[in-house]
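# Residue-level structure breakdown
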Amino acid sequence: MDVEELRRLVESDVPVLAFAFERNGAEDWAPEHSHARGQLFALTRGLLIVEAGSERWMFPSQRCAWIPPDCLHAARSVGGATGSMAYLSAETCRGLPRKPCLFSSSDLLFAVVHRILTWDPRRPLNPAQKRLIAALRDEIRQPEQQPLRLPIPREKRLSRVAHALLDDVADDRTLDDWAHFAGMSRRTFMRAFSAEVGMSFGRWRQQVRLFAALEMLAQRESVTDVAIAVGYDSVSAFIEMFRTMLGSTPQAYFRRKPERSTVE
């Protein structure tokens, strides 16, 4: 299929187009952009990071990620991201989530995307294919309730604190220190930060460290090195935080799952 034909298909009303992809190493941020079609990523390796508006999402391997149509976002991949992606037409996206989201129980999604890869997009859909697209839409309507999402405050002083921590996640300044850095009292800082991001400053900082840890783990760095790099004096404390936040140890989280079956 040549580039011109591919462009025509993307701009057509074909309900779903699917492609395999493979990226080497880590990438810089791709500039902000959007797609007329919704994107479903089925990642088998690596990590995808998406920033849209004042929020950042992290999508690890062995999970599926959704980016809705016309969502202005920047993205980058880490750890040689590999997998498949499906592009859903605007009509097919009706009623689906309007924000990026993560799917942790993705076996059916993986299997459906794998099957769509074998379809000839130039041929009309048969009844079985239409049923699979209906199943795909049903699954996308049920995202993970505890997503890997990091809201970033917009208020100038709070944003300065947030970006200082994003630049150095191991920074161990106290709550009082950060309040002083923002030019606020401790109480005002705590209230303002919680109001902006919907969680306490302590929880937000823990989420920042978790994001940084996932990025390093995706590049196959050791758990000990990662724990130290993100500001933990104790590896066991880091593992406990990881288990509390994600329900798994760092070693198990990126462990390759058995080969997935396909949908017949």
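Residues numbered from 1 in each chain as written. Predicted model: local features only at pLDDT ≥ 70, side-chain atom pairs only at ≥ 80, totals over all residues. Heavy atoms only, no water.

## A closer look at the packing of aromatic side chains
- Under the counting rule described, the total for this entry stands at eleven aromatic pairs.
- Ring plane angle 65 degrees and centroid distance 5.2 Å describe the contact between F189 and F201, whose orientation is recorded as edge-to-face. With a gap of twelve residues between them, F189 in helix α6 (residues 186-197) and F201 in helix α7 (residues 201-218) connect regions that are remote in the sequence.
- Accessibility expressed as a relative area gives 0% for F189, which makes it buried.
- Relative to F201, the ring of F193 lies with its centre 5.1 Å away and its plane at 90 degrees, an arrangement referred to as edge-to-face. Residue F193 shares its accessibility class with F201, and that shared class is buried.
- What links up through ring pairs into an aromatic cluster is the set W178, F181, F189, F193, F201 and W204.
- Here the basic side chain of R160 rests over the ring of F181, its NZ or CZ set 4.3 Å away from the ring centre.
- When the ring centre of Y232 is taken as origin, the NZ or CZ atom of R209, which lies over that ring, is 5.8 Å away. (Phe/Tyr/Trp six-rings, centres within 6.5 Å; stacked < 30°, edge-to-face > 60°. Helix = DSSP H or I, 4+ residues; strand = E, 2+ residues; numbered from the N terminus. Buried < 20%, exposed > 50% of the residue type's maximum accessible area, 1.4 Å probe, protein only. Lys NZ or Arg CZ within 6 Å of the ring centre and 35° of its normal.)

## Structural notes on the side chain of R37
- Inspection of the secondary structure puts R37 in the loop between β2 (30-33) and β3 (38-52).
- Despite its burial, R37 remains without a salt bridge, the nearest opposite charge being carried by D13 at 6.6 Å.
- Polar contacts involving the side chain of R37 include one to the main-chain carbonyl oxygen of S12, which spans 3.0 Å.
- One polar contact links the side chain of R37 to the main-chain carbonyl oxygen of Y87, over a distance of 3.2 Å. (Lys, Arg positive; Asp, Glu negative; His and termini not counted. Salt bridge = Lys/Arg side-chain N within 4 Å of Asp/Glu carboxyl O. Polar contact = N/O pair within 3.5 Å; in protein donor to acceptor, adjacent residues only side chain to side chain.)

## Brief notes about the packing of helix α2 (residues 107-116) against helix α3 (residues 127-140)
- With their axes 10 Å apart at the nearest point, α2 and α3 run at an angle of 145 degrees to one another. Crossing of α2 over α3 shows left-handed handedness. Taken together, the residues of α3 that come into contact with α2 (itself represented by L108, L109, V112, V113, R115 and I116) are L132, L136, E139 and I140.
- For the contact of α2 with α3, the per-class residue count stands at eight nonpolar, no polar and two charged. (Axes fitted to C-alpha atoms, helices over the stretch in contact; angles between N-to-C directions. Left-handed = near helix turned anticlockwise from the far one by under 90°. Contact = heavy atoms within 4.5 Å. Nonpolar A, V, L, I, M, F, W, Y, C, P; charged D, E, K, R; others polar.)

## Examining the pairing of β3
- Along β3, twelve of the 15 residues are buried, which leaves the element largely enclosed by surrounding structure.
- The pairing of β3 with strand β6 (residues 73-88) spans twelve bridges and is antiparallel. Within β6, the position partnered with L40 by the bridge is A86.
- Strand direction decides the pairing type here: β3 and strand β4 (residues 55-60), joined by six bridges, are antiparallel. Among the inter-strand pairings, L47 is bridged to a residue of β4, identified as P60. (Pairing = 2+ DSSP bridges.)

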